[in-house]
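Spelled out, the chains give:
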Amino acid sequence: MDRTTALARLRATAAAGRPIIGAGAGTGLSAKAAESGGVDLLIIYNSGRYRMAGRGSLAGLLPYGDANAIVVDMAAEVLPVVRDTPVLAGVCGTDPFRLMGPFLDQLGAMGFAGVQNFPTVGLYDGRFRQNLEETGMGFDLEIEMIRTAHDKGLLTAPYVFDGDQAAAMTAAGADVLVPHVGLTTSGSIGATTALTLDDAVAAVQEMRDAAVAVDPDVLVLCHGGPIAEPADAQYVLDNTTGIAGFFGASSMERLPAEKAIAAQAAEFAALRI
């Protein structure tokens, strides 16, 4: 599916007053199930593979594998089983060993409708983040990746972490902006340190307002931190202005899988001879 068709669908959903729902998929089965449930976007990146292997999502930011090679490998599992939903590739825009333009061309030729910036240095802070910025591996490279993808006709749905980044990514050509408020809570490998829902509401609203000041037509979704369950997403939608929907990764596949498998196993374990 091309950017024009995908974006037209998303805008039609928003215009109809329905939330746009994006889902991370770490396996082909996750993608099939999410599509069956009616999501509007699918996104695959290395953390999806790690979380469905029982590791924390932040494994995707550590040196356990080549993130861009992993998303290409995952494509062979996911793309053939998705029938009619645009699929985005998580791209490590700071990868110093890849020519980004040709790599984006490769992703488009494989059948990806667009890209998201993941793994992202936006999840790093403190001195380590400062040193990444100082040594040529900063968030600006992710902005440039999104700009290049936009110029190549790919749908772009970048993560952002503050108002300045929201404005910069929108100016670079973001079609869908995803304010990220931290590692998702809940479950066996979720975060326990996170913003409150009310703090998340304020942060999402600030990033949305910064984005629409640059482009009033940008679609803004919420993601992460305490926004772990449908009721949490509803709370954010009810208490913000102009948020068009929700993007779930752990919320969409890890948490449901943990609950459903544990419950099913418990029922079998309760059988009597």
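Model, not experiment: these values are computed from the prediction.

## Structural notes on the overall build of the chain
A tally of helices and strands in the chain yields eleven helices and nine strands. Computed over its C-alpha atoms, the radius of gyration of the chain comes to 18 Å, within 12% of the 19 Å expected for a compact globule of 273 residues. Principal axes of the C-alpha set define a box for the chain whose edges measure 65 × 40 × 40 Å. When the 273 residues of the chain are sorted by exposure, 51% land in the buried category. A separation threshold of at least 6 residues defines the contact pool for the chain, and within that pool the share at least 24 residues apart is 71%. Summing over all exposed atoms, the chain offers an accessible surface of approximately 12200 Å²; the carbon and sulfur share of this is 56%.

## Things to note about the pattern of salt bridges
For the structure shown, the criterion picks out twelve salt bridges. Of the charged contacts in the structure, one is a salt bridge between Asp175 and Arg3, with a shortest N-O distance of 2.6 Å. Taken together, the residues span a long stretch of sequence, with Asp175 in the loop between helix 8 (163-172) and strand 7 (176-179) and Arg3 in helix 1 (residues 3-15) at a distance of 172 residues. Residues Arg51 and Glu253 are paired through a salt bridge, measuring 3.2 Å at the closest nitrogen-oxygen approach. Of this pair, Arg51 sits in helix 3 (residues 46-52) while Glu253 sits in helix 11 (residues 250-269), and the two are 202 residues apart along the sequence. In this structure, Arg51 and Glu253 share a single accessibility class: buried. Salt bridges here are not isolated pairs; linked through shared partners, they connect Asp66, Asp95 and Arg98.

## A short note on the packing of aromatic side chains
Using the criterion set out here, one finds five aromatic pairs in the structure. Ring centres of Tyr159 and Phe247 lie 5.9 Å apart, and the angle between their planes is 45°; on these two criteria the pair is classed as tilted. Of this pair, Tyr159 sits in strand 6 (residues 159-160) while Phe247 is found in strand 9 (residues 245-248), placing the two residues 88 residues apart along the sequence. Comparing Tyr159 with Phe247, the two get one shared label, buried. An aromatic cluster is present here, built from Tyr45, Phe118, Tyr159 and Phe247 joined pairwise through their rings.

## Re the packing of helix 9 (residues 197-212) against helix 10 (residues 230-238)
Taken N-terminus to C-terminus, the directions of helix 9 and helix 10 make an angle of 50°; their axes are 10 Å apart at the nearest point. By the angle between their directions, the pair helix 9 and helix 10 is classed as oblique. The handedness of the crossing between helix 9 and helix 10 comes out as right-handed. Two secondary-structure elements touch here, helix 9 through Leu197, Asp198 and Val201 and helix 10 through Asp232, Tyr235 and Val236. Of the residues belonging to the contact of helix 9 with helix 10, the class tally is four nonpolar, no polar and two charged.

## Some thoughts on the nonpolar core
The nonpolar side chains of a soluble globular protein tend to be buried, and buried together. One finds Leu42, Val91, Leu104, Val115 and Leu177 to be the most contacted residues of the largest nonpolar core, which totals 78 residues. Among the elements that line this core, the one with the most residues is helix 9, at eight residues. The contacts of Leu177, once residues within four sequence positions are left out, are Pro158, Val160, Ala166, Met169, Thr170, Met207, Ala211, Val218, Leu219, Val220 and Leu221.

## Remarks on the pairing of strand 2 (residues 41-44)
The side-chain alternation of strand 2 yields two buried faces, one formed by Leu41 and Ile43 and the other by Leu42 and Ile44. Inspection of the sheet shows strand 1 (residues 20-24) paired to strand 2 by three bridges, in the parallel sense. Looking at the pairing, Gly24 lines up with Ile43 of strand 2. Handedness of the crossover is the feature at issue here: the chain leaves strand 1, passes through helix 2 (residues 28-37), returns alongside strand 2, and the resulting connection is right-handed. One ladder, built from three bridges, connects strand 2 with strand 3 (residues 87-91); its direction is parallel.

## Looking at the packing of helix 7 (residues 139-151) against helix 8
Remark: helix 7 packs on helix 8, axes separated minimally by 8 Å, with the N-to-C direction vectors making an angle of 25°. Comparing the axis directions of helix 7 and helix 8 gives the class roughly parallel. Read as a crossing pair, helix 7 and helix 8 show a hand that is right-handed. Together, Phe139, Glu142, Ile143, Ile146, Arg147 and His150 of helix 7 and Gln165, Ala168, Met169 and Ala172 of helix 8 make up the contact between the two elements. Of the residues contributing to the contact of helix 7 with helix 8, the split by class is six nonpolar, two polar and two charged.

Basis of the calculations
- Residues numbered from 1 in each chain as written.
- Predicted model: local features only at pLDDT ≥ 70, side-chain atom pairs only at ≥ 80, totals over all residues.
- Heavy atoms only, no water.
- Helix = DSSP H or I, 4+ residues; strand = E, 2+ residues; numbered from the N terminus.
- Rg over C-alpha atoms; globule rule 2.2 N^0.38 Å.
- Buried < 20%, exposed > 50% of the residue type's maximum accessible area, 1.4 Å probe, protein only.
- Contact = heavy atoms within 4.5 Å.
- Areas by Shrake-Rupley, 256 points an atom, 1.4 Å probe, with all protein chains shown as cover.
- Salt bridge = Lys/Arg side-chain N within 4 Å of Asp/Glu carboxyl O.
- Phe/Tyr/Trp six-rings, centres within 6.5 Å; stacked < 30°, edge-to-face > 60°.
- Axes fitted to C-alpha atoms, helices over the stretch in contact; angles between N-to-C directions.
- Parallel < 35°, antiparallel > 145°, perpendicular 65-115°, else oblique.
- Left-handed = near helix turned anticlockwise from the far one by under 90°.
- Nonpolar A, V, L, I, M, F, W, Y, C, P; charged D, E, K, R; others polar.
- Core = buried A, V, L, I, M, F, W, Y, C linked by side-chain atoms within 4.5 Å.
- Pairing = 2+ DSSP bridges.
- Right-handed = clockwise from strand over helix to strand, strands pointing away.

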